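Residues per chain are reported as follows:
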Amino acid sequence: MREVLIKSEEDTRAFGHGLAEKLRPNTVVALIGDLGTGKTTLTKYIAEGLGIKETITSPTFTIVCEYHSGRLPLYHFDVYRLENADDLFEIGAEEYFYAGGVSIVEWADQVAEILPDDTLCIFIEYGQKEGERVYKCTF
Ligand SMILES: Nc1ncnc2c1ncn2[C@@H]1O[C@H](COP(=O)(O)OP(=O)(O)O)[C@@H](O)[C@H]1O
Ligand SMILES: [Mg+2]
């Protein structure tokens, strides 16, 4: 897996913007990492890179939030509160995945079975110093 050392939130921003440029319709991005590793923060920067003007809020209680003001629609999922992939299936996640936009799924490891085979996975870990993160990417 490709490993990226993120030294600060500014690096997260640059990574998010770079990824946003490469995203195509129907791409699913899986963010896997502990609380506070920066899944929502990275999502905000990907959204910024897509040109989304709305404020990105954490969809913990709503499971999914949609944004339509950018180059591609963004469907932002946080599946922390779901029991398993069946719950995500029931809210119609697969329709979102293939609706022509970009789907970003926080805590995606909890619903691995439902994710498309070509999902872009980013495993996020804390680095050694404050602000540092290590991204392990399957792409
Ligand atoms: N390099 C970094 N990347 C992302 N967030 C960082 C970084 N360094 C510090 N942070 C801070 O860590 C916190 C991450 O919170 P959040 O994005 O909500 O995490 P998660 O969604 O994974 O629980 C934010 O307060 C953010 O400012
Ligand atoms: Mg979050």
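Note that this is a predicted model, so its numbers are computed, not measured. (Residues numbered from 1 in each chain as written. Chains lettered and ligands numbered in written order. Predicted model: local features only at pLDDT ≥ 70, side-chain atom pairs only at ≥ 80, totals over all residues. Heavy atoms only, no water.)

S.K.: Describe in detail the coordination of the magnesium ion (ligand 2), supporting the description with residues and values.
M.R.: The protein atoms that coordinate the magnesium ion (ligand 2) are Thr40 (OG1) and Glu106 (OE), at distances spanning 2.1 to 2.3 Å. Taken together, the residues Thr40 in helix H2 (residues 39-49) and Glu106 in strand E5 (residues 102-106) connect sequence positions 66 residues apart. (Donors = N, O, S within 2.8 Å, 3.2 Å for Na, K, Ca; no water. Helix = DSSP H or I, 4+ residues; strand = E, 2+ residues; numbered from the N terminus.)

S.K.: Explain the environment of Leu74 residue by residue, including any values.
M.R.: Tracing the sequence through the fold places Leu74 in strand E4 (residues 74-78). Under the relative-accessibility criterion, Leu74 is labelled buried at 0%. Sequence-wise, Leu74 and Ile52 are 22 residues apart; in three dimensions their C-alpha atoms are separated by 8.5 Å. Beyond its immediate chain neighbours, meaning those up to four positions away, Leu74 contacts Ala47, Ile52, Ile56, Cys65, Glu66, Tyr67, Val102 and Ile104. (Buried < 20%, exposed > 50% of the residue type's maximum accessible area, 1.4 Å probe, protein only. Contact = heavy atoms within 4.5 Å.)

S.K.: So what about the site of ligand 1? Which residues, and what values?
M.R.: Close to ligand 1 lie 15 residues; Glu9, Thr12, Gly36, Lys39 and Thr41 are nearest. At a separation of 3.3 Å, an oxygen atom of ligand 1 approaches a polar side-chain atom of Arg133. Here ligand 1, which alone exposes 570 Å², has 72% of that area covered by the protein. Secondary structure elements with two or more residues in the shell around ligand 1: helix H1 (9-22) and H2. The biggest single contributor to the shell around ligand 1 is H2, with 3 residues. Its residues assigned to classes, the shell around ligand 1 comprises 2 nonpolar, 8 polar and 5 charged. (Near = heavy atom within 4 Å. Polar contact = N/O pair within 3.5 Å; in protein donor to acceptor, adjacent residues only side chain to side chain. Areas by Shrake-Rupley, 256 points an atom, 1.4 Å probe, with all protein chains shown as cover. Nonpolar A, V, L, I, M, F, W, Y, C, P; charged D, E, K, R; others polar.)

By themselves these figures say nothing about function.
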